[in-house]
Amino acid sequence: MKIKTLTFGIFAALLLTACGNKANESETEAKTTNSDQWQEIKPQNIDVNAVKLFANDWMLLSAGKDTSMNMMTIAWGALGELWGKPIVTVYVSTDRYTYKFLEDNEYFTVTAFPEQFRDKLQYIGSVSGRDEDKVKGSGLTPEFTKLGNPIYKEANLAIECKKIYAEQLKKELMTLEQRQWYDEKKLGVHMMYIGEIVNVWKK
């Protein structure tokens with residue numbers, strides 16, 4: 001009789017433990033599948049039309065740390081591969097305030113946003129960080145990766161890159177049309193930054 005009672009007690013304890021573990025697993029799953037949470041993906045799984053992403057939807061280019069950072073809206077850029085590495089290429093005029101941050105930091109990020117935030121990207125693209133706090137003015141909420149680089153709570157795609165190449169475009173190698181473009185804009189010739197993709201997150 002004692003043996004039967006002991007056996008039943010062990011079985012009941014195991015059953016309760018299993019149910020408890022299952023409940024904990026459910027709580028963990030609920031937290032990790034929350035729509036506000038970032039999900040890490042591989043660069044090869046970035047499922048976007050890169051031309052549309054940059055040229056039509058725009059992206060936010062950011063560099064710096066929580067104590068000093070800046071961002072700018074960009075429509076020039078590319079996704080691809082170079083030297084066997086997944087890369088993002090961005091272009092920043094030497095006249096832009098963000099240029100200094102790209103030069104001074106080892107990493108940069110590009111983030112994409114749902115259409116409802118387009119007005120914020122327009123604002124960021126129309127003012128300079130030299131004149132005002134664009135982060136505060138935009139109303140966006142910066143978050144920082146484990147490497148300390150800025151992404152944004154409101155974004156739905158974030159790509160973190162490590163600079164592996166930088167060079168200023170050369171006017172003498174451009175066609176007449178491109179040289180005239182810079183003359184008309186009276187804009188500093190762009191620096192090209194190629195970044196190895198080290199992390200990608202999506203919502």
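Structural data are supplied above this passage.
A few points on the structure. (Residues numbered from 1 in each chain as written. Predicted model: local features only at pLDDT ≥ 70, side-chain atom pairs only at ≥ 80, totals over all residues. Heavy atoms only, no water.)

Some points on the environment of tyrosine 107
Mapped onto the elements of the fold, tyrosine 107 is located in strand β6 (residues 107-112). Linking tyrosine 107 and valine 198, residues 91 residues apart in sequence, is a C-alpha distance of 9.5 Å. Ignoring sequence-local partners within four residues, the contact set of tyrosine 107 consists of Ala63, Leu147, Asn149, Cys161, Lys162 and Val198. (Helix = DSSP H or I, 4+ residues; strand = E, 2+ residues; numbered from the N terminus. Contact = heavy atoms within 4.5 Å.)

What about the side chain of asparagine 149?
Relative to the assigned elements, asparagine 149 resides in the loop between β7 (142-144) and β8 (150-152). Within the structure, asparagine 149 has its side chain in polar contact with the side chain of lysine 65 (distance 2.8 Å). The contacts of asparagine 149, once residues within four sequence positions are left out, are Gly64, Lys65, Tyr107, Thr109, Glu143, Phe144 and Glu160. (Polar contact = N/O pair within 3.5 Å; in protein donor to acceptor, adjacent residues only side chain to side chain.)

Description of the layout of surface pockets
Any empty space left between atoms is shown by rolling a water-sized probe over those atoms. In this model, the largest pocket occupies a volume close to 420 Å³. Met72, Thr73, Ile74, Arg96 and Gly125 are, among the 23 residues lining the largest pocket, the residues nearest its centre. Elements represented by at least two residues in the lining of the largest pocket include exactly β3 (68-74), β5 (85-93), α3 (97-104) and α4 (118-126). Here the lining of the largest pocket takes 4 residues from β3, the largest share from any one element. Partitioning the lining of the largest pocket into residue classes produces 11 nonpolar, 8 polar and 4 charged. (1 Å grid on protein atoms, 1.4 Å probe; cavity = no way out; pocket = protein on both sides within 12 Å on 5 of 7 lines; lining within 4 Å. Points joined across faces, edges and corners; volume = space filled by probe spheres on them. Nonpolar A, V, L, I, M, F, W, Y, C, P; charged D, E, K, R; others polar.)

Let's talk about the pattern of salt bridges
The tally for this structure, following the rule as stated, stands at 6 salt bridges. Between aspartate 57 and lysine 52 there is a salt bridge, and its shortest N-O distance comes to 3.0 Å. By relative accessible area, aspartate 57 is classed as partly exposed at 25%. Taking the relative accessible area as the measure of exposure, lysine 52 reaches 42% and is therefore partly exposed. One salt bridge connects glutamate 196 with lysine 85, and the closest N-O pair in it is separated by 3.8 Å. You can see glutamate 196 sitting in strand β10 (residues 190-202) and its partner lysine 85 sitting in strand β5, a full 111 residues away along the chain. (Salt bridge = Lys/Arg side-chain N within 4 Å of Asp/Glu carboxyl O. Buried < 20%, exposed > 50% of the residue type's maximum accessible area, 1.4 Å probe, protein only.)

Brief notes about the side chain of threonine 109
Looking at where threonine 109 falls in the secondary structure, it is placed in strand β6. Side-chain polar atoms of threonine 109 contact the backbone oxygen of proline 150, separated by 2.6 Å. The residues contacting threonine 109, other than those within four sequence positions of it, are Leu60, Leu61, Ser62, Asn149, Pro150, Ile151, Ile159 and Glu160.

Looking at the nonpolar core
In terms of nonpolar packing, the biggest core is built from 24 residues, with Leu61, Ile74, Val88, Val90, Phe108, Val110 and Ile159 touching the most fellow members. Taken together, the elements giving at least two residues each to this core come down to α2 (50-56), β2 (59-65), β3, β5, α3, β6, β9 (157-168) and β10. Counting residues per element, this core draws most heavily on β10, which supplies 4 residues. Leaving out residues up to four positions away in the same chain, valine 110 has contacts with Met59, Leu60, Leu61, Ile74, Val88, Val90, Leu157, Ala158 and Ile159. Counting 17 residues, the second-largest nonpolar core is a separate cluster that includes Trp58, Met71, Phe117 and Ile151. (Core = buried A, V, L, I, M, F, W, Y, C linked by side-chain atoms within 4.5 Å.)

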